[in-house]
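Per-entry structural report
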Amino acid sequence: MTSPIYRSPWLYRMVMRILYGRDYGKRFEVLAEMVEEGASVIDLCAGDCAVYEEALVRKEVSYHAVDINETFVRYARRRGLSAEKADVREYAFPLCDVVLLLDSLYQFPAFLESLVDQARRKAKILSILEPVRNVASHRWKIVRWLAAELTDYGEGPVETRFTERELRELWERHGVTEVRNLGRDLLGIWRFE
């Protein structure tokens, strides 16, 4: 059953702001640094489109959000953004400058190989931001269980998360160009130019 967090963009953003605290917007600014003015950006698993609203809007990019959740797609469209409902694991994105995948790889890590392959053919940059310090990795079982339940985006609770070491090794096996530690998150960048 889909978690309440994924039924309300407002609740989703509030939870993310609580989890990240004062670093919430900083992570988006780091992503925006690699996006050129006027670039075309595909945001996979876009959720509430916070990366656009917090950082990319000032760059006047051509932004397109893709999410499996109809509530988030309607939210984006109501805000005047280009958005479509699709399962990113089956989505063939168009030619673009930048592909983003934020806070979602843990839901389907096997997707990385096809994502990198597709981005290599259709984009200049693939950027993945993924948390490596998670509530879902808490030492208390009840906290881990609650975190898994609350991250059910509609396909069941997701219990596994990446450690920093696991994520770095996975990305290195798939040819990551650069990895940055942003505290709670790792940022992986693939450059194909």
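The structure we're discussing is the one just above.
The shown structure was predicted, so the numbers you read here are calculated from the model rather than taken from an experiment.

With respect to the element layout, histidine 64 can be found in strand β2 (residues 62-67). The exposure class assigned to histidine 64 is buried, which follows from its relative accessible area of 15%. Side-chain polar atoms of histidine 64 contact the side chain of serine 82, separated by 2.5 Å. Excluding anything up to four places from it in sequence, histidine 64 contacts Val41, Ile42, Asp43, Ser82, Ala83, Glu84 and Tyr91.

A word on unusual backbone geometry. Located in the positive-phi region is cysteine 49, a residue other than glycine, with phi close to 60°. With respect to the helices, strands and loops of the structure, cysteine 49 is situated in the loop between β1 (40-44) and α3 (50-54). Phi angles above zero are rare outside glycine, and glutamate 60 is one such case at about 50°. With respect to the helices and strands, glutamate 60 occurs in the loop between α3 and β2. We classify glutamate 60 as exposed; its relative accessible area is 63%.

Turning our attention to the pattern of salt bridges. For the coordinates displayed, the defined rule picks out 16 salt bridges. Note that glutamate 169 and arginine 165 form a salt bridge whose closest N and O atoms lie 3.2 Å from each other. In this pair, glutamate 169 and arginine 165 both sit in helix α7 (residues 164-173), four residues apart, roughly one turn of the helix. We classify glutamate 169 as partly exposed; its relative accessible area is 34%. Among the charged side chains, a salt-bridge network with shared partners connects Arg13, Arg17, Asp48, Glu53, Glu54 and Arg79.

This part covers empty space enclosed by the protein. Using the criterion set out here, one finds three cavities of 30 Å³ or more in the structure. If you add up the space inside the second largest cavity, you get close to 130 Å³. For the second largest cavity, the lining is made up of 15 residues, of which Tyr12, Ala46, Asp48, Leu102 and Asp103 are closest to its centre. Where the lining of the second largest cavity is concerned, the elements lending two or more residues are α1 (9-20), α2 (24-33) and α3. With three residues, α2 is the largest single contributor of residues to the lining of the second largest cavity. When its residues are assigned to classes, the lining of the second largest cavity shows ten nonpolar, one polar and four charged.

Thresholds applied
Along each chain, residue indices are assigned from 1 in the same order as the chain's sequence is written. Only residues with pLDDT of at least 70 get local features here, since the model is predicted, and only at 80 or more are side-chain atom pairs given and counted; chain-wide, interface and lining totals rely on the full set of residues. Calculation of side-chain values draws on the structure's entire complement of heavy atoms; hydrogens and water are dropped beforehand. Labels follow the DSSP assignment, with helices taken as runs of H or I lasting at least four residues and strands as runs of E lasting at least two, numbered in each case from the N terminus. A simple rule labels every residue: compare its accessible area, found with a 1.4 Å probe on the protein chains alone, to the largest value its type can have, and call it buried under 20%, exposed over 50%, or partly exposed in between. Whenever a nitrogen or oxygen atom comes within 3.5 Å of another N or O atom, the pair is scored as a polar contact, on the condition that within protein one atom can donate a hydrogen and the other can accept it, and that pairs from neighbouring residues in sequence are kept only if both atoms are in side chains. We call two residues in contact whenever any of their non-hydrogen atoms come within 4.5 Å of each other. By definition, a salt bridge exists where a carboxyl oxygen of Asp or Glu is found within 4 Å of a side-chain nitrogen of Lys or Arg. Cavity means a closed set of points on a 1 Å grid over the protein atoms alone, one where a 1.4 Å probe fits but cannot get out, pocket means an open set with protein on both sides within 12 Å along at least 5 of 7 lines, and lining means a residue has an atom within 4 Å of a point. Grid points are joined across faces, edges and corners, and a volume is the space filled by probe spheres set on the points. Nonpolar residues are Ala, Val, Leu, Ile, Met, Phe, Trp, Tyr, Cys and Pro. Charged residues are Asp, Glu, Lys and Arg, and all others, Gly as well, are polar.

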